Amino acid sequence: MLDALKDAMASAAEELEKMPERVVQLFHHNDADGLTSGAILTRAFERKGFEVRRFCLEKPYPAVLEKVYEQEGKIIVFADFAGRIAPLLSELNQGRNLTLILDHHIAEPSTDARVLNLDPDLFGLKGDRDISGSATGYLFARTLDPANRDLAHLAAIGAVADGFFVDGALVSENRAAALEAVEQGWFKIEPREGGGEEYLLSGPRGWTPVLEFGDYLDILGAVGYYGEGPEAGVRVCLEGVSEESDQMVDEYRATMRKAFDAEIAALRTDGFRHTPHIQWFHVGDRFFPMGVKMIGVFCDAVKVMDIVDPEKYIAGYQVVPDEVPGFGPVPMHQVKISMRVAPSMEEVIRSGRMPGLHTFLPEATHRLGGFSDACHSLTAATTVEIGKEQQLIDEMETILGEYGHG
Ligand SMILES: [Mn+2]
């Protein structure tokens, strides 16, 4: 399992060495795991003499990928996403660029010899348990050069921030990285009251909980997405926090609070739009320059409030901006929908008395030609073309009707 993954990484490293191209285009996710992945791989490729151009993405949207694969002879690396879309990348690539996928989500095998899918999921490891995106990147970094061992703490930070524990503790590759970080003086592991472990990171202000630092990175990557946040996040990983980064995080938190308060006030006066099973709203582009992850974060804040009908699904829309930071304008024409339910309805769904979000949102999205990504029973999000918002709600009602919940 792990040996096969290490072998695949070793031959990927060989392919990389053979490339005349000396620039790595690194596409990484914008959460704490994605930012630490970006930091680890930046350092590792630079140590090998490559120039690294970083692009932080909230999702690998097809419109972005099409533009990326207009190139030829390049080195393209995906970190903390894209494991599942290896077949699409293969089709776009057609043997023209060396592509490395260092994700840890559920994966599909590549169908192009020049698209190397190094997602541990294909090698029998579990991405929601054994290995984070950062730990996958770290494993590859060590394959490139054992000296990259000094990045262990970044791998462990990503793992803790992604939040996959077994009985409250990291396991497998995630744990190995944390133990190395302890050995190197970066980490301290303490037993937590009531079981599990607490992970602490050494910093200028003494030991801080890793979860707190993960939250700091998440703010930079998500709230600051269309600003300088992601770049600051990677810098903080490589160089530590600074007064400047602290100030950015404070400002971003204030931006978020202000935007959320304004939308909540509007929902209180105007209310939601209603169909038989769904209550929904649209924030348009009012969350800009925050990333589109924020519509999900906002739904999480709203679902516990007295302004929601606890017996209906909650849906919020946010326009996806027609640009990718550092990448320029990309015509998206997409709107993101995030769905949640009130806590009491979570119980109803868990007991099977109402269908989970994953049973109707992806299907309705598919019928409208949209793009499904992360759909679970209690949290789900997809994107559809702008203008299809009402249609998507109606389509979900149709499917719910087919289930006999009409
Ligand atoms: Mn991850």
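Everything that follows concerns the structure shown earlier in this document.
1. Digging into the overall build of the chain
Next up, step 1: Secondary structure summary: the chain contains 14 helices and 16 strands in total.
Next up, step 2: Its C-alpha atoms give the chain a radius of gyration of 21 Å, within 12% of the compact-globule value 22 Å for 406 residues.
Next up, step 3: Seen through its C-alpha atoms, the chain measures out along the principal axes to roughly 60 × 50 × 40 Å.
Next up, step 4: Sorting the 406 residues of the chain into buried and exposed places 46% on the buried side.
Next up, step 5: For the chain, long-range pairs separated by at least 24 residues make up 63% of all intrachain contacts whose partners lie at least 6 apart in sequence.

2. Comments concerning the sheet that holds strand E5 (residues 115-117)
Next up, step 1: Pairing is parallel in the open sheet, where five strands are placed in the order E2-E1-E3-E4-E5. Since the sheet does not close on itself, it has two edges, and those belong to strand E2 (51-57) and E5, each with one partner. Mean inter-strand twist for the sheet, computed between neighbouring axes without regard to direction, equals 15°.
Next up, step 2: Bridging between strand E4 (residues 98-102) and E5 involves three bridges; their strand directions are parallel. Paired with Ile101 across the bridge in E5 is Asn117.

3. Focus on the sheet that holds strand E9 (residues 273-274)
Next up, step 1: In space, the six strands of this open sheet follow the order E9-E10-E11-E14-E16-E15, with mixed pairing throughout. A strand with exactly one partner marks an edge of an open sheet, and here the two such strands are E9 and strand E15 (371-375).
Next up, step 2: Judged from the seven bridges that link them, strand E11 (residues 313-320) and strand E14 (residues 334-340) form a sheet pairing that is antiparallel. Looking at E14, one finds that Val319 is bridged to Val335.
Next up, step 3: The strands that helix H11 (residues 294-302) touches are E11, E14 and strand E16 (380-385); relative to E11, the one it contacts most, it runs at about 150°.

4. Structural notes on the packing of helix H5 (residues 133-144) against helix H6 (residues 152-162)
Next up, step 1: Relative orientation of the contacting elements H5 and H6 amounts to 155°, with a least axis distance of 7 Å. Our classification of the angle between H5 and H6 gives roughly antiparallel. Side by side, H5 and H6 meet where Gly133, Ser134, Ala135 and Tyr138 of the first sit next to Ala152, Leu154, Ala155, Ile157, Gly158 and Ala159 of the second.
Next up, step 2: Counted by class, the contact of H5 with H6 contains seven nonpolar, three polar and no charged residues.

5. Points about the packing of helix H2 (residues 32-47) against helix H8 (residues 210-223)
Next up, step 1: In the contact formed by H2 and H8, the axes pass within 8 Å of each other and the chain directions differ by 85°. The pairing of H2 with H8 is recorded here as roughly perpendicular in orientation. Between H2, through Ala32, Gly34 and Leu35, and H8, the contact on the second element is made entirely by Gly214, Leu217, Asp218 and Gly221.
Next up, step 2: For the contact of H2 with H8, the per-class residue count stands at three nonpolar, three polar and one charged.

6. Digging into the environment of Phe81
Next up, step 1: Within the secondary structure, Phe81 is located in the loop between strand E3 (75-79) and helix H4 (86-93).
Next up, step 2: Looking at Phe81, the number of C-beta atoms within 10 Å reads 27, which means it is buried.
Next up, step 3: Among residues more than four places away in sequence, those in contact with Phe81 are His29, Pro60, Asp103 and His105.

7. Let's talk about the environment of Ala181
Next up, step 1: Summarising the element assignment, Ala181 is placed in helix H7 (residues 172-183).
Next up, step 2: For the pair Ala181 and Leu151, spaced 30 residues apart in the sequence, the C-alpha separation amounts to 8.2 Å.
Next up, step 3: When near neighbours in sequence (up to four residues on either side) are disregarded, Ala181 contacts Ala152, His153, Ala156, Trp186 and Phe187.

8. As for the nonpolar core
Next up, step 1: Among the nonpolar cores identified, the biggest contains 120 residues, and Val77, Ala155, Ala156 and Ala177 are the most heavily contacted of them.
Next up, step 2: Built from parts of two domains, this core gets at least three residues from each of domain 1 (2-210) and domain 2 (272-405).
Next up, step 3: Apart from the residues within four sequence positions on either side, Ala177 is in contact with Ala135, Tyr138, Ala152, Ala155, Ala156 and Ala159.

9. Quick word on H11
At 3.6 residues per turn, the α-helix brings residues three or four places apart onto the same side.
Next up, step 1: By the burial criterion, the buried members of H11 are Met294, Ile295, Gly296, Phe298, Cys299 and Val302.
Next up, step 2: Here the buried face of H11 lies against H8, helix H10 (243-270), E11, E14 and E16.

10. Overview of unusual backbone geometry
Next up, step 1: Along the chain, Phe288 connects to Pro289 via a cis peptide bond; the corresponding omega equals 10°.
Next up, step 2: The phi angle at Asp167 is positive, at roughly 50°, despite the residue not being glycine.
Next up, step 3: On the secondary structure map, Asp167 appears in the loop between H6 and H7.
Next up, step 4: Look at Ser172: it is not a glycine, yet its phi comes out positive at around 50°.
Next up, step 5: Here Ser172 is to be found in helix H7.

Parameters and conventions
Residues numbered from 1 in each chain as written. Predicted model: local features only at pLDDT ≥ 70, side-chain atom pairs only at ≥ 80, totals over all residues. Helix = DSSP H or I, 4+ residues; strand = E, 2+ residues; numbered from the N terminus. Rg over C-alpha atoms; globule rule 2.2 N^0.38 Å. Buried ≥ 20, exposed ≤ 12 C-beta atoms within 10 Å, placed from the backbone. Contact = placed C-beta atoms within 7 Å. Pairing = 2+ DSSP bridges. Axes fitted to C-alpha atoms, helices over the stretch in contact; angles between N-to-C directions. Parallel < 35°, antiparallel > 145°, perpendicular 65-115°, else oblique. Nonpolar A, V, L, I, M, F, W, Y, C, P; charged D, E, K, R; others polar. Core = buried A, V, L, I, M, F, W, Y, C linked by C-beta atoms within 7 Å. Domains from an automatic or database assignment.

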